[in-house]
Amino acid sequence: MHLYPITAYHYLVLAAALFALGATGVMLRRNIIILFMSIELMLNAVNLNLVAFSRLNGHVVGQVFALFIVAVAAAEAVVGLGILLAFYRNKETLNIDEVNLLRG
Amino acid sequence: MLEAIAFYGLAALILGFGVMVITARSAVHSVVFLVLNFLAVAVVYVVLGAEFLAVIQVLVYAGGIVVLYLFVVMLVNQKRTPEAHHDPHRKTGLGIMLASAVLAEVTAIVVYTASAPSASPIPVSSPVVGGNTEQVGWLLYTDYLIAFEVASMLLLAAMVGAILFARRMD
Amino acid sequence: MTSMGWLLPLVQILIVLNAVLIAVTYMVLLERKVIAWAQSRLGPMRVGPHGVLQPIADAIKLLLKEDITPARADKWLFTIAPIMSLVPALIAFAVIPFGGHARIFGRDVPLFIADVNVGLLYIVSITSIGVYGIILAGYASNSKYPLLASLRASAQLISYEVAITMMLVSVIVTAGTLSMVAIVEAQLHNHVWFVFVQPVALVVLFIGGLAETNRTPFDLAEAEQELTGGFHTEYSGMRFAMFFLAEYANMIVVSAVVTTLFFGGWLPPFPNVGWLAFLGWIPGWMWFLVKCFVFLYVFVWIRATLPRYRYDQLMRVGWKVLIPVALANLFVTAILKVWL
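Residues numbered from 1 in each chain as written. Chains lettered and ligands numbered in written order. Predicted model: local features only at pLDDT ≥ 70, side-chain atom pairs only at ≥ 80, totals over all residues. Heavy atoms only, no water.

Assigned secondary structure in chain A consists of three helices and zero strands. When its helices and strands are written in sequence order, chain A yields α-α-α. Its C-alpha atoms give chain A a radius of gyration of 17 Å, more than 25% over the compact-globule value 13 Å for 104 residues. With the C-alpha coordinates aligned to their principal axes, the bounding extent of chain A is approximately 55 × 25 × 20 Å. Burial statistics for chain A: of 104 residues in total, 64% are counted as buried. Long-range contacts, defined here as pairs at least 24 residues apart, represent 51% of the contacts in chain A between residues at least 6 apart. Chain A carries 6 positive and 5 negative side-chain charges, and their two centres are separated by 4 Å. (Helix = DSSP H or I, 4+ residues; strand = E, 2+ residues; numbered from the N terminus. Rg over C-alpha atoms; globule rule 2.2 N^0.38 Å. Buried < 20%, exposed > 50% of the residue type's maximum accessible area, 1.4 Å probe, protein only. Contact = heavy atoms within 4.5 Å. Lys, Arg positive; Asp, Glu negative; His and termini not counted. Charge placed at Lys NZ, Arg CZ, Asp CG, Glu CD.)

Set out below in structure tokens:
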């Protein structure tokens, strides 16, 4: 693995690092909004991978796939934030550890 | 050479903003860094020859989804921050270990594949000429038409769900 | 040529940036003068003959004023908000074609910085970033009037963006391309300005443009009677000037986009009519600037004429009138495009 010239592998490593960052955020933070944002980071890493592969193969199918991921991310964010607002109205907090209404 | 400079600069920006997103104290600061991160990723898409996706990234992610996050952050005016409350069952060290294990594993796979003698690094092929908007659109409305329709139904369902959640439960 | 290859875009960017900033300062003077004339006043008269040096005096005043950061403000966000507002407004000019190709010093120079094949979408997406400046300014000020104003402004921007983007799709379907240069060329090849093909789109787009730039009659975010000064109440000096520049630069962007999409950009009127061929002697960029100026004048004219909407009326116009009209227009356009 050389630093130069830039190949598709470099983009894959970048995406892997971004994915790991998002995973770290999900595991470390307690604020639900920041958890959501970490998930967005991970989705972005996946998109980066798909675009890098699309470039590697010289075909745009990867980009079409990435478009669908963007649509799914939008749906996820909308519903997730709706749930979050409903939760906040009940518990007046955003701490993920306090989402335990179903605990026996 | 130019692509190397662009790549390392952008990679530093993306990872730097990513670190800021997950470490920022205030959620609003996190949102701002998330926007900057998405913009940097969009520039990477341009470098990779995916102009259409880059524009969609800015329009939908940076201009739409993250605005929603910002609205929610401003709506939930927090009296006590979530981080103030400490949960004794929480294992922060384990979280860091798991995340770094993921990073190490994925990087090891990539480095191994790249350094294996059989798979010499494939240089990135030249970008698709003539603009990819047309090609992406063509694929969307022919080969992936059903997936496209399903995605639109998903968005409709999400819209209805969000309105239902956001209404006060009377 | 190879040594000059990278120099040309730099020179173009320099020229466009400076021209836009100067145009913005004189836009302010134009606005004050036109409103004064509409109200039987003289407007600025003291600085220079008929006040033509007034913008320079204003700029010096804003630069020299004390730049205050409120004590309870979020300092970092308070600083970054005007930047996030101004930068998108300025970089939107990168894809606007001010003219076709011109021969300067014996070489063929394009009169636009870049001809991207997603040009129109680029402008839409870049201007959608500008909303962050407004929201963050309201939040960072830590004061109730800016917060209310910024919530109003961002809700307004997001609602009208939907109608505008749908209308742009109609134009894109008509032209068959996303590139700004190619849209102008399509009008040349079809022998008709798109204003005659898509008149409804022009009206909706211009109304949406008024709302996007927070201008009368949609300037609820700056309603002095209710909100003191709007989302930039707490700003002063240079940072206030940046919001001001961004608003007027956005007006110029809207005028330039409308000119390019509907009025043939740099093309002279009726380029295919034989006895009007003498109009082609005037260089294309002059035509572009003249058409732009007409729309900027309309912006000011509307401000001098119309009262402000109420907030619920504003939302009703956006969601219940403009968006259905845009959808119907797109539907009809698509059917005609397929069957004709």
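Attention now goes to the overall build of chain B. Along its length, chain B carries six helices and zero strands. Looking at chain B residue by residue over its 170 residues, the buried ones come to 40%. Long-range pairs, those at least 24 residues apart, make up 50% of the contacts in chain B between residues at least 6 apart in sequence. In the structure as shown, chain B presents an accessible area of about 9300 Å², 73% of it carried by carbon and sulfur atoms. (Areas by Shrake-Rupley, 256 points an atom, 1.4 Å probe, with all protein chains shown as cover.)

Turning to the interface of chain A and chain B, a few remarks are in order. How big an interface is tends to be expressed through the accessible area that disappears when the partners come together. Taken together, the 77 residues of chain A in the interface contact 88 residues of chain B. Looking only at chain A, the three residues that lose the most surface to chain B are Y9(A), R30(A) and R55(A), adding up to 10% of its buried area. Counting the contacts that link chain A with chain B gives zero salt bridges. Summed over the shared surface of chain A and chain B, the number is six residue pairs in polar contact (both at pLDDT 80 or more). (Buried area = accessible area lost by both parts, 1.4 Å probe. Salt bridge = Lys/Arg side-chain N within 4 Å of Asp/Glu carboxyl O. Polar contact = N/O pair within 3.5 Å; in protein donor to acceptor, adjacent residues only side chain to side chain.)

Let's shift gears to the interface of chain C and chain B. In this complex, chain C contributes 25 residues to the contact, which on the side of chain B involves 22 residues. Carbon and sulfur atoms make up 84% of the surface buried where chain C meets chain B, a total of about 2000 Å² over both sides. Our count for the chain C to chain B interface comes out at zero salt bridges. At the boundary of chain C with chain B, the tally comes to three residue pairs in polar contact (both at pLDDT 80 or more). When residues of the side of chain C that touches chain B are traced back to their parent elements, those giving at least two are helix 3 (75-91), helix 4 (119-129), helix 5 (131-140) and helix 6 (144-175) of chain C. For the side of chain C that touches chain B, a count of residues per class yields 19 nonpolar, five polar and one charged. (Nonpolar A, V, L, I, M, F, W, Y, C, P; charged D, E, K, R; others polar.)

Time to look at the arrangement of the chains. Take the two pairs of chains in contact: the one carrying the most contacts is chains A and B. One finds no contact linking chain A with chain C; the least C-alpha distance across the pair is 15 Å.

Let's shift gears to the environment of M20(B). Residue and element names in this part refer to chain B. Along the chain, M20 falls in helix 1 (residues 2-23). Sequence spacing of M20 and L34 is 14 residues, and the spatial spacing of their C-alpha atoms is 8.4 Å. Discounting residues that sit within four places of it in the chain, M20 has contacts with S30 and F33.

Turning next to the pattern of salt bridges. Residue and element names in this part refer to chain C. As enumerated under the stated definition, the model contains eight salt bridges over all chains in all. Residue D58 is joined to R32 by a salt bridge in which the shortest nitrogen-to-oxygen separation is 3.6 Å. One end of the pair, D58, is in helix 2 (residues 54-64); the other, R32, is in helix 1 (residues 7-38), and 26 residues separate them in sequence. Overall, R32 belongs to the partly exposed group, its relative accessible area being 37%. Through salt bridges with shared partners, a single ionic network connects E31, R215, E247 and R303.

So, on to the domain arrangement of chain B. The domains assigned to chain B are domain 1 (1-77) and domain 2 (130-170). Relative placement of domain 1 of chain B and domain 2 of chain B: their C-alpha centres are 22 Å apart. (Domains from an automatic or database assignment.)

What follows deals with helix 1 of chain C. Here helix 1 of chain C is 32 residues long and its end C-alpha atoms lie 46 Å apart, about the 46 Å a rise of 1.5 Å per residue gives. A positive backbone phi angle near 55 degrees is found at S40(C), which sits one or two residues after helix 1 of chain C. (Expected span 1.5 Å × (residues − 1).)

As a further point, take the pairing of strand 1 (residues 101-104) of chain C. Taken residue by residue, a regular strand's side chains alternate between the two faces of the sheet. Residue and element names in this part refer to chain C. Here strand 1 pairs with strand 2 (residues 107-110) via four bridges, running antiparallel. Bridge pairing in strand 2 places A102 opposite V109. Hairpin connection, strand 1 to strand 2: the antiparallel pair is bridged by two residues, and F105 has positive phi, about 55 degrees. (Pairing = 2+ DSSP bridges.)

To continue, consider helix 3 (residues 61-91) of chain A. Compared with the 45 Å implied by 1.5 Å per residue over 31 residues, the 44 Å span of helix 3 of chain A between its first and last C-alpha is a close match. A positive phi of about 60 degrees marks E92(A), the residue just after helix 3 of chain A.

If you look at the biggest cluster of nonpolar residues, it comprises 178 residues, and the most contacted ones within it are Y132(C) and F262(C). Counting residues per element, this core draws most heavily on helix 3 (residues 51-75) of chain B, at 17 residues. Both of domain 1 (1-77) and domain 2 (130-170) of chain B provide at least three residues apiece to this core. The residues contacting Y132(C), other than those within four sequence positions of it, are V35(B), A62(B), G63(B), V66(B), V67(B), L70(B), M84(C) and A137(C). (Core = buried A, V, L, I, M, F, W, Y, C linked by side-chain atoms within 4.5 Å.)

With that out of the way, let us pick up the side chain of E31(C). Residues and elements named next belong to chain C. If you trace the backbone, E31 turns up in helix 1. The buried category is assigned to E31, whose relative accessible area is 2%. Within polar-contact distance, the side chain of E31 engages the side chain of R303 at 2.8 Å. In this view, E31 contacts R215, Y248, V300 and R303; residues no more than four positions away in its chain are not counted.

A few words on the environment of H232(C). All names here are of chain C. Following the sequence through the fold, H232 ends up in the loop between helix 9 (224-227) and helix 10 (237-262). A residue is classified by how much of its surface remains accessible, and H232, at 13% relative accessible area, is buried. As a C-alpha pair, H232 and G138 span 94 residues in sequence and 7.3 Å in three-dimensional space. Not counting chain neighbours up to four residues away, the residues in contact with H232 comprise E222, F240 and F243.

Per the counting criterion, the structure on display carries 18 aromatic pairs over all chains. On the numbers, 4.9 Å between centres and 55 degrees between planes, the contact of Y141(B) with F148(B) is tilted. Looking at F148(B), the relative accessible area reads 26%, which means it is partly exposed. Ring geometry for F244(C) versus Y248(C): centroids 5.2 Å apart, planes at 45 degrees, classification tilted. Of this pair, F244(C) and Y248(C) both sit in helix 10, four residues apart, which is roughly one turn of that helix. The rings of W193(C), F206(C), F263(C), F295(C) and F299(C) are connected pair by pair, giving a single aromatic cluster. (Phe/Tyr/Trp six-rings, centres within 6.5 Å; stacked < 30°, edge-to-face > 60°.)

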